[in-house]
Amino acid sequence: MDDKPLRMVSRAETDQISRKLLVWLNRYEDKPANIAFEYLPSDQPGMALSTIQGAYKTKEYVRGAYQGQYQFKIIYRLQPSSNNDRLKADEILDAIGDWAVSRRPLPYLGDGKQATKITCNTRAAMFARYDDNTEDHQILMTMDYFSN
């Protein structure tokens, strides 16, 4: 097993991937709100794409090409009034995750980059509850890609 530390890609590349993935995810038609980048409203339901640690190289080749990985989560903020609302939030996130895993074509990432796989790392679950009864539910995902 290779124990070399993973190398981060440039901030510009991570930003470009975030932009392309965000556009692609917003093509999912049955979401309750548009997915924003790293932003959730405090007073109404909303959805956000959030990077977990940015993109990094998982394997590098002699001529400069590499395999990369972009870890992210989709957050759904809501003000549930019942257990059914909470369960529905997780079902919505799981449906988006299933769609992303099976959807083709995968996101276009720009010249010289190609998404190769999207994986759901978890099923959806609540991860935060606030004093005003607002809740955040999330699903964790990974996109693998190749850059030449």
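Description of the structure in this document.

Criteria and cut-off values
Once a new chain begins, its residue numbering starts again from 1 and follows that chain's sequence as written. For this predicted model, a pLDDT threshold of at least 70 governs which residues receive local features, and a threshold of 80 or more governs which side-chain atom pairs are given and counted, while totals over whole chains, interfaces and linings are taken from all residues. Remark: hydrogens and water are excluded; side-chain values derive from all non-hydrogen atoms of the structure. Numbered from the N terminus, helices here are DSSP runs of H or I no shorter than four residues, and strands are runs of E no shorter than two. Any residue under 20% of the maximum accessible area for its type is buried, any over 50% is exposed, and the rest in between are partly exposed; the area is computed with a 1.4 Å probe on protein chains only. We call two residues in contact whenever any of their non-hydrogen atoms come within 4.5 Å of each other. All accessibility values rest on the Shrake-Rupley procedure with a 1.4 Å probe; residue burial counts only the protein chains present in the view. Charge assignment: positive for Lys and Arg, negative for Asp and Glu; neither His nor the chain ends contribute. To locate a charge, the coordinates of NZ of Lys, CZ of Arg, CG of Asp or CD of Glu are taken. In this scheme, a helix's expected span is set at 1.5 Å multiplied by one less than its residue total. Only one rule defines a salt bridge in this text: a Lys or Arg side-chain nitrogen within 4 Å of an Asp or Glu carboxyl oxygen. Strands are treated as partners if at least two bridges between them are detected by DSSP. In these notes, a set of buried Ala, Val, Leu, Ile, Met, Phe, Trp, Tyr and Cys residues joined through side-chain atoms within 4.5 Å is what counts as a nonpolar core.

## As for the overall build of the chain
Now for step 1: Regarding its fold elements, the chain presents two helices and seven strands.
Now for step 2: Ordered by position from the N terminus, the helices and strands of the chain form the series β-α-β-β-β-α-β-β-β.
Now for step 3: Across its three principal axes, the chain shows a C-alpha extent of roughly 55 × 30 × 25 Å.
Now for step 4: By residue count, 45% of the 148 residues in the chain fall in the buried class.
Now for step 5: Within the chain, contacts between residues separated by at least 24 positions form 62% of all contacts whose residues are at least 6 apart in sequence.
Now for step 6: Approximately 8600 Å² of the chain is accessible, and the part contributed by carbon and sulfur atoms is 47%.
Now for step 7: Within the chain, the 20 negative side-chain charges are centred at a point lying 8 Å from the centre of the 20 positive side-chain charges.

## Observations concerning helix 2 (residues 83-102)
Now for step 1: Taking 1.5 Å of rise per residue, the 20 residues of helix 2 would be expected to cover 28 Å, and the 29 Å separating its terminal C-alpha atoms lies within 8% of that figure.
Now for step 2: Restricting attention to buried positions, one finds in helix 2 the residues Ala 89, Asp 90, Ile 92, Leu 93, Asp 94, Ile 96, Gly 97, Trp 99 and Ala 100.
Now for step 3: Each element contacted by the buried residues of helix 2 is listed here: helix 1 (11-25), strand 3 (46-60), strand 4 (66-78), strand 5 (113-120), strand 6 (125-129) and strand 7 (135-147).

## Description of the pattern of salt bridges
Pairing between side chains of opposite charge can happen when their charged atoms approach one another.
Now for step 1: Applying the stated criterion to the full structure yields ten salt bridges.
Now for step 2: In this structure, Asp 98 engages Arg 123 in a salt bridge whose closest nitrogen and oxygen atoms are separated by 3.0 Å. Of the two residues, Asp 98 sits in helix 2 while Arg 123 sits in the loop between strand 5 and strand 6, which places them 25 residues apart along the sequence.
Now for step 3: Of the residues examined, Asp 98 reaches a relative accessible area of 40% and is grouped as partly exposed.
Now for step 4: Residue class for Arg 123 comes out partly exposed when judged on its relative accessible area of 44%.
Now for step 5: Several salt bridges converge on common partners, so that one network encompasses Arg 7, Lys 57 and Glu 60.

## So, unusual backbone geometry
Now for step 1: Residue Arg 104 is joined to Pro 105 through a cis peptide bond whose omega torsion reads 0 degrees.
Now for step 2: The phi torsion at Glu 38 lies on the positive side, around 55 degrees, for a residue other than glycine.
Now for step 3: Turning to its location among the elements, Glu 38 is positioned in the loop between strand 2 (35-37) and strand 3.
Now for step 4: Glu 38 sits in the partly exposed class, given a relative accessible area of 42%.

## Some words on the side chain of Asp 94
Now for step 1: Relative to the helices and strands, Asp 94 resides in helix 2.
Now for step 2: In this structure Asp 94 comes out as buried when scored by relative accessible area, which is 16%.
Now for step 3: Sequence-distant contacts of Asp 94, that is, excluding residues within four places in its chain, are made with Arg 123, Ala 124 and Ile 139.

## Some details on the pairing of strand 7
Now for step 1: Across the 13 residues of strand 7, eleven count as buried, placing the element largely inside the fold.
Now for step 2: Across seven bridges, the pairing between strand 5 and strand 7 is antiparallel. Within strand 7, the position partnered with Ala 115 by the bridge is Tyr 145.
Now for step 3: In this structure, the hairpin formed by strand 6 and strand 7 is closed by a connection of five residues, where Asn 133 is found at a positive phi of approximately 75 degrees.

## Things to note about the side chain of Lys 113
Now for step 1: When you line up the elements, Lys 113 lands in strand 5.
Now for step 2: Judged by its relative accessible area of 17%, Lys 113 falls in the buried class.
Now for step 3: With near-sequence residues (within four places) excluded, Lys 113 lies in contact with Glu 13, Gln 16, Tyr 66, Phe 146 and Ser 147.

## What to know about the nonpolar core
Now for step 1: Leu 21, Leu 25, Leu 49, Tyr 70, Phe 72, Ile 74 and Met 143 are the most contacted members of the largest nonpolar core, which has 32 residues in total.
Now for step 2: Elements that contribute at least two residues to this core include exactly helix 1, strand 3, strand 4, helix 2, strand 5 and strand 7.
Now for step 3: If sequence neighbours within four positions are ignored, Leu 25 has contacts with Lys 31, Ile 35, Leu 49, Phe 72, Ile 74, Trp 99 and Ala 100.

Just geometry here; none of it tells us what the structure is for.
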